[in-house]
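This is what each chain is made of:
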Amino acid sequence: MKFEITILIAFLASGPPLCSAWGNMGHEAVAYIATNFVTTPTKTYFQNILGDTTTDYLAAVATYADTYRYTTAGLYSKPYHFIDANDSPPSSCSVEYSRDCGSEGCVVSAIKNYTSRVQSGTLSAANVAQAAKFVGDIHQPLHDENLDVGGNDITVTFDGTSTNLHHIWDTNMPEKYAGGSTIAVAKTFAATLTTAIKTGKYESDKAGWLTGIDITDPVSTAMVWASDANSFVCSTVMPNGVSAVEGVDLGGAYYTAAIPIVEEQIAKAGYRLAAWLNLIATGSTGL
């Protein structure tokens, strides 16, 4: 059971298989935000399953799925980190489950599968822990896009360093904004976003973030999240097409325009993760 829980949390808190959504710091920030919103019964439920009574019980497993997919045993899980929207940005953005979730599965089917496995009550503790690690991935816009391998094949520069478009959304921009890549930075970043959700700029938005959430229909729920993130591919990630970003240093005006979306998507991911874990443990979002 523990293995399945660990996987589901990593999926929920964590794209194309070449990069992990948000990087380690982003995944950990999502997990810490969720930690700040889960109910006490949910906290106890998952601490018991994970065998970890510390306050870091979610953050400690938040990056597991990204590591696991590169092991021999975990190669099958690579497609579970993304859904390849075959749309046409920037003129048209859309994601469809029947069209875009491949035969080997995708992040949406993974959320469905691992949620079911965690709830089954028949798996071993080791197997359930794996299922608890897969909602942050779906909130990174380029994990909901097929064009140029989710931006992995679009070469860009960021503050003088050569990289690719996918990577700056995963790692460069979040870490620049948060001030680093350590777990301590993630915890501080999460605390700031938690305050913004509770009493700050996201207070009036947070109820809308849970629109359509339904533990009995994980596919429809996850598709709401995927469609939301995918829309930013047209509006923010490449609003003027690939040619406008390829070969360009995106550490200036592009970063300034994109970072509000990066921040909000990480906040959404943490809040939605808390709601999903609360639903698994108690049957209510608790929010």
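Report follows, based on the coordinates. Each chain carries its own residue numbering, running from 1 in the written order of its sequence. Two thresholds apply to this predicted model, a pLDDT of at least 70 for residue-level local features and 80 or more for giving and counting side-chain atom pairs, whereas whole-chain, interface and lining totals are computed over all residues. Side-chain numbers here rest on the full set of heavy atoms in the structure, without hydrogens or water.

## Let's talk about the pattern of salt bridges
Consideration 1: Salt-bridge detection follows one rule: a side-chain nitrogen of Lys or Arg within 4 Å of a carboxyl oxygen of Asp or Glu. All told, the structure shown has eight salt bridges when counted by the stated rule.
Consideration 2: Of the charged contacts, one joins Glu96 and Arg99 as a salt bridge, the two residues approaching to 3.6 Å between their closest N and O atoms.
Consideration 3: Think of it in three bands: with a 1.4 Å probe and only protein chains considered, a residue is buried below 20% of the maximum accessible area for its type, exposed above 50%, and partly exposed in between. Of the residues examined, Glu96 reaches a relative accessible area of 38% and is grouped as partly exposed.
Consideration 4: Here Lys268 makes a salt bridge to Glu264, at a shortest N to O gap of 3.8 Å. Within this pair, Lys268 and its partner Glu264 are both found in helix H13 (residues 253-282), separated by four residues, close to a single helical turn.
Consideration 5: Take Lys268: its relative accessible area is 4%, and that puts it in the buried class.
Consideration 6: A cluster of three or more residues bridged by salt bridges with shared partners is formed by Asp228, Glu264, Lys268 and Arg272. Only DSSP runs of H or I covering at least 4 residues are called helices, and only runs of E covering at least 2 are called strands; the numbering of each starts at the N terminus.

## Description of the packing of helix H3 (residues 40-50) against H13
Consideration 1: Where H3 meets H13, the closest approach of the two axes is 9 Å, and the angle between their N-to-C directions is 80°. For the element pair H3 / H13, the angle class is roughly perpendicular. Facing Pro41, Thr42, Tyr45 and Phe46 of H3, the residues of H13 in contact are Leu277, Asn278, Ile280, Ala281 and Thr282. Here an angle of 0 to 180 degrees is reported between the N-to-C directions of two axes, which are lines fitted to C-alpha atoms, with helices fitted over the stretch in contact. The labels follow the angle: roughly parallel below 35 degrees, roughly antiparallel above 145, roughly perpendicular from 65 to 115, and oblique for the rest. The contact rule is simple, with two residues in contact once any of their heavy atoms fall within 4.5 Å.

## Details of the state of the cysteines
Consideration 1: The term disulfide is used for any two cysteine sulfur atoms that are within 2.5 Å. Scanning the entire structure with this criterion turns up two disulfides.
Consideration 2: Here Cys93 engages in a disulfide with Cys234; their sulfurs sit 2.1 Å apart. On the sign convention where negative is left-handed, the bridge of Cys93 and Cys234, at about 100° about the S-S bond, is right-handed.
Consideration 3: The exposure class of Cys234 is buried, given its relative accessible area of 15%.
Consideration 4: Shown here is the disulfide that connects Cys101 with Cys106, its sulfur atoms set 2.2 Å apart. Sign of the S-S torsion, about -105° for the bond between Cys101 and Cys106, identifies this disulfide as left-handed.
Consideration 5: The exposure class of Cys106 is buried, given its relative accessible area of 1%.

What is shown is where atoms sit, not what they do.
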